[in-house]
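The chain contents come next:
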Amino acid sequence: MIDTVVFYLFAALAVGSALVVVGQRNAMYSAFALIVTLGSLSAIFGLLGSPFIAALQVVVYAGAIMVLFLFVLMLLNVKREDSDATQSPGLRGAAILLGGALAFQVGVVLWGYRVTAPAGFDASTVQVARELFSARFLYVFEATSILILAALVGAVVLARRER
Amino acid sequence: MSPLQQDLAIAAVKVVAIFGVLLTLFAVMTWVERRALAFMQFRLGPNRTGPFGLLQPMADGIKLFFKEEVMPAGAVKWIFLAAPAVAVITAFLSIAVVPYGKPFRAFGREITLQIADLDVGLLYIFAVSSLGVYGVVMAGWAANNKYTLLGGLRASAQMFSYELALGLSWVGVIMLAGSFRIQEIVAAQAGGLHHWNAVQQLLAFIIYMTAATAEVSRTPFDLPEGETELVAGFHTEYSSMRFALMQMAEYVNMITVAALGTNLFLGGWLSPFPSLIPDSTLWFLAKLVILLFGFIWLRGTLPRLRYDQLMSFGWKVLVPLAVVNILVTAGVLAYLGGGR
Amino acid sequence: MSGALAQPALILSLLLFTLGVVGVFLRRNVITVFMCVELMLNAVNLAFVAFSRQMGTLDGQVLVFFVMTVAAAEAAVGLAIIIAIHRHQDTLDLDAFNLLKW
C-alpha cells in the first residue's frame, strides 16, 4: 500500500521533470531536471526490487554522466536564453502527433499484457554480481570494459585542443 | 502501536538524535580546529569568548546569522539558493547508514544504532557523495562570476576523481566481509586488533584516508576553498547563513568520512582487547576523535597541493594503487579458498 | 516490493520514452537532444527492471548494468564530439552542423 503511494509520487516527479527536460528552453535547467528524473527513476528501481541498480543509477547516471553534461554546458558557455523557437508549427505538430502515435501503439500492447509476478523478489548485490560473472555474461562484461577503455581514449583525443 | 508506527517512531528518534549530535559536533569541531591549529602554529587561537574560547562557535553563529545576505546581480536565483541546500542535504543523507554501536534489545525488539540498515549501505554512501558534487557545481556556476565558475569546476573535478579512489579502496574491505552492509563489515573485524581492516588492508586504509581528505577538500587538497587562491573558491559569493550552510556541509562530510573510516577500517565500536574491555560506542567515539584530530593535524602540517599535482596524484598514483590492492586481495582470497 | 508495481512501471517507461522521442524531434540545441536520448535510455532501463521483476529473474538487471555502462561511454564520446564541433562552429544549433549535407 505504501509502496504504491511512493511509486506514484516518484512517477509523477519523473514525468514532471521529463516534461521540463523536453520543454525548457534553457539547457542548464533541462540538465538539472534530468538529474531529478534520474533520481526518481532510481527510487522506482529500488521499489521494483533492485537496490543494486538503484544505487548504480545514482552513481553512474546522476552522479557522473550528468556531471559531464553540466561541465560541457558550463564550458561551452551556453547562452541562457537559447532560442529554440524558429521552427515551423507544422513540424512541431507533426512531431507531437508521431510521439502520440508511438505511445498509443505501445500502450495498446501493454494494456493487454499481464504476467503474474512472484510475490517477493529482492535481488541482493551478491546475486547480481554472481550473475554478471557467470558463463553467460562474462564475455559481455569483459567486452564492455574494453569498450569503456576505447571510449575513454576516444573522448580524450576528440576533445583535445589541436596544437 | 502497530509495528510500522513503532518503526517510524524509532527512526524519528534516531534521526533527531543524530541531527543533534552532528550539529553539536560541528560546532565543537570548529572550536577544536581553531585551537589545535593555533597551538600547532605556536599561537593561541580564540581564547576570549568564554573560558578557553569555548563560546567562539556560538559567537560565530550569531555573527553569521546577523550578516547581510547578498546575492550577486545576474546570479541565477533558484540555483544560487539551492546549492547550499544540496550540499547540506547530501552531507546529512550519507550519515544515515553509518552505525555507531552494537544493536541492542529494547521494548521487545532489536534496535540498531543506525538510521537505515541498507543491504547496499556502502553503495548508498558512494551514490550520495556523487550527488554532493552538484552542490559545488551549482554554487560555482550560479554566482555569475568567472572565478567561482573555475573554482567550482576544479573542486568538482577533484571531488569525483578522488571518489573513484575512495570507492576502489572499499572493494578490498567488501571482499573480506562479503557484504555491502556496514554492520557486517564491522562484525567481520571482530576478534582483536589483528582482524581490523587497517591491519589486513593497510594499503586500502592509507588510500582511503588520502582520498577522504581530498573528497572533503581538506588540506593538503583544499585548493577549492583555499583562502589565498581564487578568493574563496566556489563559495565566494555566499554570505551569512548560506556560507554557514556550506561550512556545515564541509564539516559534516568530514565527520561522515571519519565515521565511515572508523567503521570500515578501525573496527567501529569493537574493542582492540576484546577479552579485557568490552565493545561499546565509546570506542567508536574515541576512534572517530582520533581520525578527526588526524585531519586537523594534516591541515597544520602539510602545504597545499597545486591543482595539476592534485589531479595527477589522484589518477596516476591512487587509482592504480587501489586497483593493485584489489587484485592482491582477490588473489589471496582465491588462494585461501574464500569462495565469496 | 509488490509485483503489482511492474505494470504501472511499464506504462511510466512508455511515457518517458515517448517524451524522449518527442524531445529529439522538437529540440534544436544538440546537448538537449543528447539529454533526451539519455531519457530514452533510462526509460528502456526501467522497462528492463520492470520485466525482471515480473519474470522473477535477474537477466533484466544485468542487462541494465550493461546499458548503463554503454550509455556512459556514449555520453563521454558524444560530448567530446560536441566540444570538438563547437570549436569550429561556435554554435550548438543542430541545423548548423550541415557540412556533410549534399
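K.L.:
Even after reading the chapter, I still don't get the overall build of chain B, so can you show me in this structure?
P.N.:
When its secondary structure is counted, chain B shows eleven helices and two strands. Taken along its principal axes, the extent of the C-alpha atoms in chain B is 60 × 50 × 45 Å. When the 340 residues of chain B are sorted by exposure, 44% land in the buried category. When contacts within chain B are restricted to residue pairs at least 6 apart in sequence, long-range pairs at least 24 apart make up 75% of them.

K.L.:
Where do I start with the overall build of chain C in this structure?
P.N.:
Within chain C, the regular secondary structure consists of three helices and zero strands. Put simply, chain C runs from its N terminus to its C terminus through helices and strands in the order α-α-α. Over its C-alpha trace chain C gives a radius of gyration of 17 Å, far above what one expects of a compact globule, namely 13 Å for 102 residues. A burial count over chain C gives 52% of its 102 residues as buried. Counted over contacts in chain C with a minimum sequence separation of 6, partners at least 24 positions apart contribute 49%.

K.L.:
Mind showing me how you'd approach the interface of chain A and chain B here?
P.N.:
Interfaces are frequently sized by the accessible area removed from exposure as the parts join. Taken together, the contact pairs 14 residues of chain A with 16 residues of chain B. Take the side of chain A that touches chain B: its biggest share by element is twelve residues, from helix α3 (residues 51–75) of chain A. A class-by-class count of the residues in the side of chain A that touches chain B yields eleven nonpolar, three polar and no charged.

K.L.:
I keep staring at the environment of B:A214 and nothing clicks. Help me out?
P.N.:
Residue and element names in this part refer to chain B. Note that A214 resides in helix α8 (residues 202–215). C-beta crowding within 10 Å serves as the criterion here: with 25 such atoms nearby, A214 is assigned to the buried category. Measuring from C-alpha to C-alpha, the distance between A214 and I115 comes to 27 Å, with 99 residues separating the pair along the chain. Those residues in contact with A214 that sit more than four places away from it in its chain are Q158, Y162, F221 and G314.

K.L.:
Sorry if this is basic, but what is going on with the arrangement of the chains here?
P.N.:
Ranking the two pairs of chains in contact by contact count places chains A and C at the top. Separated in space, chain B and chain C share no contact, their closest pair of C-alpha atoms being 15 Å apart.

K.L.:
Can you help me understand the packing of α8(B) against helix α11 (residues 307–335) of chain B in this one?
P.N.:
All names here are of chain B. Running from N to C, α8 and α11 point in directions that differ by 145°, and their axes come no closer than 10 Å. The two elements α8 and α11 cross, and the hand of that crossing is left-handed. Along the contact surface, α8 presents L203, A204, I207, T210, A211 and A214, while α11 presents G314, L318, L321, A322 and N325. In terms of residue class, the contact of α8 with α11 is made up of eight nonpolar, three polar and no charged.

K.L.:
What exactly am I supposed to notice about the interface of chain C and chain A here?
P.N.:
On the chain A side, the residues contacting the 60 residues of chain C number 69 residues. Among the secondary structure elements, those contributing two or more residues to the side of chain C that touches chain A are α1 (6–26), α2 (30–55) and α3 (59–89) of chain C. If you tally residues by element for the side of chain C that touches chain A, the top one is α3(C), at 21 residues.

K.L.:
Please explain the nonpolar core as it appears in this structure.
P.N.:
One recurring pattern in soluble globular proteins: nonpolar side chains tend to sit buried together. Core analysis: the largest hydrophobic core is formed by 172 residues, its most contacted members being A:A31, A:I44, A:A55, A:M66, A:F69 and C:L46. By residue number, the principal contributor to this core is α3(A), which donates 17 residues. There are two domains that each give this core at least three residues, and those are domain 1 (1–81) and domain 2 (125–163) of chain A. Not counting the four nearest positions on each side in its chain, A:A31 is found in contact with A:M66, A:F69, A:L70, A:L73 and C:M35.

K.L.:
Looking at this structure, I do not really get helix α2 (residues 27–47) of chain A. What am I missing?
P.N.:
Side chains that are three or four residues apart share a direction in an α-helix, a result of its 3.6 residues per turn. Residues and elements named next belong to chain A. Taking 1.5 Å of rise per residue, 21 residues should cover 30 Å, and α2 covers 30 Å from first to last C-alpha, within 8% of that figure. Within α2, 18 of the 21 residues are buried, which leaves the element mostly enclosed by the surrounding structure. Backbone geometry just downstream of α2 places G49 in the positive-phi region, at approximately 85°.

K.L.:
What is the right way to look at the packing of helix α6 (residues 138–159) of chain A against α3(C) in this model?
P.N.:
Relative orientation and spacing of two packed helices are given, respectively, by the angle between their axes and the distance between those axes. At a minimum axis separation of 8 Å, α6(A) and α3(C) run at an interaxial angle of 15°. Here α6(A) lies roughly parallel to α3(C), going by the angle between them. Crossing of α6(A) over α3(C) shows left-handed handedness. For the pair formed by α6(A) and α3(C), the contact residues are A:V140, A:T144, A:L147, A:I148, A:A151, A:G154, A:A155, A:L158 and A:A159 on the first element and C:F66, C:T69, C:V70, C:A73, C:A76, C:V77, C:A80, C:I81, C:I83 and C:A84 on the second.

K.L.:
Explain the environment of B:Q183 to me, please; I cannot follow it from the model alone.
P.N.:
Residues and elements named next belong to chain B. Its location among the elements puts Q183 in helix α6 (residues 182–187). The class for Q183 is buried, based on 20 C-beta atoms found within 10 Å. Taking the C-alpha atoms as reference, Q183 lies 9.4 Å from L264; in sequence the two are 81 residues apart. Look past the residues within four positions of Q183 in its chain and what remains in contact with it is P99, T112, Q114 and D117.

About the cut-offs
- Sequence positions are assigned chain by chain, starting from 1 and proceeding in written order.
- To read the labels, note that chains go from A and ligands from 1, taken in the order they are written.
- Whole-chain, interface and lining totals are the exception, using all residues; otherwise, since this is a predicted model, local features are given only for residues with pLDDT of at least 70 and side-chain atom pairs are given and counted only at 80 or more.
- Helix and strand assignments come from DSSP, with helices taken as H or I runs of at least 4 residues and strands as E runs of at least 2, each series counted from the N terminus.
- Put simply, a residue is buried when 20 or more other C-beta atoms lie within 10 Å of its own C-beta and exposed when 12 or fewer do; between those, it is partly exposed, and each C-beta is set from the backbone.
- Contact criterion: two residues are in contact if their C-beta atoms, reconstructed from the backbone, are within 7 Å.
- For the radius of gyration, the atom set is restricted to C-alpha positions; the globular benchmark scales as 2.2 Å times the number of residues to the power 0.38.
- Under the convention adopted here, Pro, Cys and the residues Ala, Val, Leu, Ile, Met, Phe, Trp and Tyr are nonpolar, Asp, Glu, Lys and Arg are charged, and Gly plus all remaining residues are polar.
- To define axes, lines are fitted to C-alpha atoms, for helices over the stretch in contact only, and angles between the resulting N-to-C directions are given on a 0 to 180 degree scale.
- Should the near helix be turned counterclockwise from the far one by less than a right angle, the crossing is left-handed, whereas a clockwise turn marks it as right-handed.
- The term nonpolar core means buried Ala, Val, Leu, Ile, Met, Phe, Trp, Tyr and Cys residues held together as one set by C-beta atoms within 7 Å.
- These domain boundaries are the output of an automatic or database domain assignment.
- Helices are assigned an expected span. That span is 1.5 Å times one less than the residue count.
- The labels follow the angle: roughly parallel below 35 degrees, roughly antiparallel above 145, roughly perpendicular from 65 to 115, and oblique for the rest.

All quantities given are derived from atomic positions and should not be read as evidence of function.
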